[in-house]
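Observations on chain architecture
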2 protein chains.
Amino acid sequence: MCKRYLFTVEYDGTAYCGWQKQNNGLSVQEVVERAIFKICGEEASIVGSGRTDAGVHAYAQVFHTDLSTNIPYRKLPFALNTALPDDIKIKNCRVVNKDFNARFSAKEKTYIYKMYISVHASALRARTHLHVLPGVDAELMKRGAEYILGRHDFKCFLAANSQVKDTVREVYSINFTKRGDELTMRITGNGFLYNMVRIIVGTLLDVGYGKIAPERVKTIIESGERKFAGKTVAPQGLYLYKIKYKKR
Amino acid sequence: MCKRYLFTVEYDGTAYCGWQKQNNGLSVQEVVERAIFKICGEEASIVGSGRTDAGVHAYAQVFHTDLSTNIPYRKLPFALNTALPDDIKIKNCRVVNKDFNARFSAKEKTYIYKMYISVHASALRARTHLHVLPGVDAELMKRGAEYILGRHDFKCFLAANSQVKDTVREVYSINFTKRGDELTMRITGNGFLYNMVRIIVGTLLDVGYGKIAPERVKTIIESGERKFAGKTVAPQGLYLYKIKYKKR
């Protein structure tokens, strides 16, 4: 009997063109679908909570798919992991109602962005963090972040080439954690536009370096102009951290 | 004028056949020597504190080399880093006396070995940690580690194919740190045999899983037989962490 399964998957995005299947590169989605075919013999089409870009990582991307397999859901992660590469691993699986949708039932998403502040680049963090030069003030970044909280039209933080029409989103929280030379931003909202988190980090780094005042973030949002915001920082510091779903 | 320079270098060893130059693979040493040639125009031969194996990482490998360059020593890391790949970066440089030798002046070495304890493998830690299954008792590992402390003939922890004659070393400390699902071993000694740290971790995991009693570590050391010790665990969890030198 065909059932709907919800999977949580962790991946190191370095080697992939992103989550979503594409013609011009290997995606995480494609690798997972191949593993499902190998283990279950079914040509499943999986639906992720949303896309992640090339080089972006996930602690817990979520997807659903319908399968007729006889493998018990508790065994599926073990079985699929034998067919997955080291940089993509299933962490969890459960059975959900047929009206559950990994994309449309998502209520809240959390991303984290990892940086380290250092004169020299760190070889061991090249794939996992953004290298930031000393002189950045995390307190200023926090003050700038306050203007992002709440419900706004975030058109200014949308990649210039995007066709999205509805650019209103709500950001619930932004926190910064500093440990040693590492600075991590954690951001939660009801959803994020294409490149939005990376442009927010780029803009807040402009604030942190004193290039623009924290209050300027308010003006940038009000302008709705991508050109006033900071640059899109590198993908390797970004991690899809958590998806919260409506009560089922 | 030719001066002797001491460099500290960080590297992600995943892509390399180890520190030492070899005919059948790309080594960290070779990549660093090429960068020196590119920046300084000198065919330098660099001397590391010791070898690290294929896939083993370093937070702070140390090497010395003699150069006639006019580039001030404080600028050398910046200059060399422009010619080095993302996974090898110079962290520090200073001028030392001609009698300083990165290998023979080393007094103390510290390695760390990173593990995580989890039912499923972690995609984001595939290159950086050893995956250990639940059921391992870190307290037992600590008790087993106590028998390793001090000056012993560590022949039992030497790779079977090694030709080394003097197998006596002194281990000053072994500490375990647990944070979340991660378990890290830190070991300091006057030097380590080929594969010694990885065989120690393999042996202590046998203790941690209850396969052998902690006291058995003493017997294994006394036996001097490689076959009684645990297996050589994977290289990706191992990091050369610190080298301490004699006062100069």
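Residues numbered from 1 in each chain as written. Chains lettered and ligands numbered in written order. Predicted model: local features only at pLDDT ≥ 70, side-chain atom pairs only at ≥ 80, totals over all residues. Heavy atoms only, no water.

**A word on the side chain of D87 of chain A**
Applied cut-off: Helical segments are the DSSP runs of H or I of at least four residues, strand segments are the runs of E of at least two, and each set is numbered from the N terminus. The buried label goes to any residue with under 20% of its type's maximum accessible area, the exposed label to any with over 50%, and the partly exposed label to all in between, with areas taken from a 1.4 Å probe on protein chains only. Positive charge is attributed to Lys and Arg, negative charge to Asp and Glu, and no charge count is given to His or to the chain ends. One speaks of a salt bridge when a side-chain nitrogen belonging to Lys or Arg is within 4 Å of a carboxyl oxygen belonging to Asp or Glu. By the convention used here, residues are in contact when the closest approach between their heavy atoms is within 4.5 Å.
Along the chain, D87 of chain A falls in the loop between α2 (76–83) and β4 (88–96). Buried and without a salt bridge, D87 of chain A has R127 of chain A as its closest oppositely charged side chain, separated by 5.7 Å. Setting aside its immediate chain neighbours within four residues, D87 of chain A contacts E10, Y11, D12, A15 and Y16 of chain A together with A123 of chain B.

**Some points on a positive patch on the surface**
All names here are of chain A. The condition that has to hold: Exposure above 30% relative accessible area and the absence of a salt bridge qualify a residue for a patch, where like charges join within 9 Å and nonpolar side chains (Val, Leu, Ile, Met, Phe, Trp, Tyr) within 5 Å. All accessible-area figures derive from a Shrake-Rupley calculation using a 1.4 Å probe, and residue coverage is judged against the displayed protein chains alone. Charge placement uses NZ in Lys and CZ in Arg. For Asp and Glu, CG and CD serve respectively.
A contiguous patch of positive charge, built from K107, R186, K242, K244 and K247, is present on the exposed surface. By the element assignment, R186 lies in strand β9 (residues 182–189). Residue classification places R186 among the partly exposed positions, given a relative accessible area of 35%.

**Observations regarding unusual backbone geometry**
At N195 of chain A, a residue that is not glycine, the phi angle is positive and equals roughly 70°. Looking at the element boundaries, N195 of chain A is found in the loop between β9 and α4 (196–208).

**Thoughts on the interface of chain B and chain A**
Formally: When two parts are brought into contact, each loses some accessible area as probed by a 1.4 Å sphere; the total of that loss over both is the buried area. Throughout this entry, Asp, Glu, Lys and Arg are counted as charged residues, while Ala, Val, Leu, Ile, Met, Phe, Trp, Tyr, Cys and Pro are counted as nonpolar. The remaining residues, Gly among them, count as polar.
Listed per partner, the contact involves 26 residues of chain B and 26 residues of chain A. Buried area between chain B and chain A, both sides added, is near 1800 Å², and the carbon and sulfur share of it is 64%. Of all residues in chain B, H120, A123 and L124 of chain B bury the most surface against chain A, accounting for 37% of the area lost on that side. Our count for the contact surface shared by chain B and chain A stands at zero salt bridges. Only β1 (3–11), β3 (57–67), α2 (76–83) and β4 (88–96) of chain B provide two or more residues apiece to the side of chain B that touches chain A. Residue contributions to the side of chain B that touches chain A peak at four residues, all from β4 of chain B. The residue inventory of the side of chain B that touches chain A, partitioned by class, reads 13 nonpolar, four polar and nine charged.

**Quick look at the packing of helix α1 (residues 28–40) of chain B against α2 of chain B**
All names here are of chain B. As a reminder, the rule being used: Helix axes use the C-alpha atoms of the stretch in contact, all axes being lines fitted to C-alpha atoms, and the angles between their N-to-C directions lie in the range 0 to 180 degrees. By definition in this entry, angles of less than 35 degrees are roughly parallel, angles greater than 145 are roughly antiparallel, angles of 65 to 115 are roughly perpendicular, and the rest are oblique. Crossing handedness is read from the near helix: turned anticlockwise from the far helix by less than a right angle, it gives a left-handed crossing, and turned clockwise, a right-handed one.
Here α1 crosses α2 at 110°, and the two axes come no closer than 9 Å. Of the possible angle classes, the one that applies to α1 and α2 is roughly perpendicular. Crossing hand, α1 versus α2: right-handed. On α2, the residues that touch A35, I36, K38, I39 and C40 of α1 are L76, A79, L80, T82 and A83. Each residue belonging to the contact of α1 with α2 can be placed in one class, and the counts come to eight nonpolar, one polar and one charged.

**Details of the side chain of R125 of chain B**
With respect to the element layout, R125 of chain B can be found in the loop between β5 (106–117) and β6 (130–132). Taking the relative accessible area as the measure of exposure, R125 of chain B reaches 16% and is therefore buried. Aside from chain neighbours lying at most four places away, what touches R125 of chain B is E10 of chain A together with Y116, D181 and E182 of chain B.

**Here we look at the packing of aromatic side chains**
Residue and element names in this part refer to chain B. Going by this rule: Pairing of aromatic rings covers Phe, Tyr and the six-membered ring of Trp, with a centre-to-centre limit of 6.5 Å; geometry is then stacked below 30 degrees between planes, edge-to-face above 60, and tilted otherwise.
In this structure the tally under the stated criterion is 18 aromatic pairs over all chains. Considering the side-chain rings of Y11 and W19, the 6.0 Å spacing of their centres and the 20° angle between planes classify their relative orientation as stacked. Grouping residues by exposure puts Y11 and W19 together as buried. Ring geometry for F154 and F157: centres 6.0 Å apart, planes at 20°, overall stacked. The exposure class of F154 is buried, given its relative accessible area of 0%.

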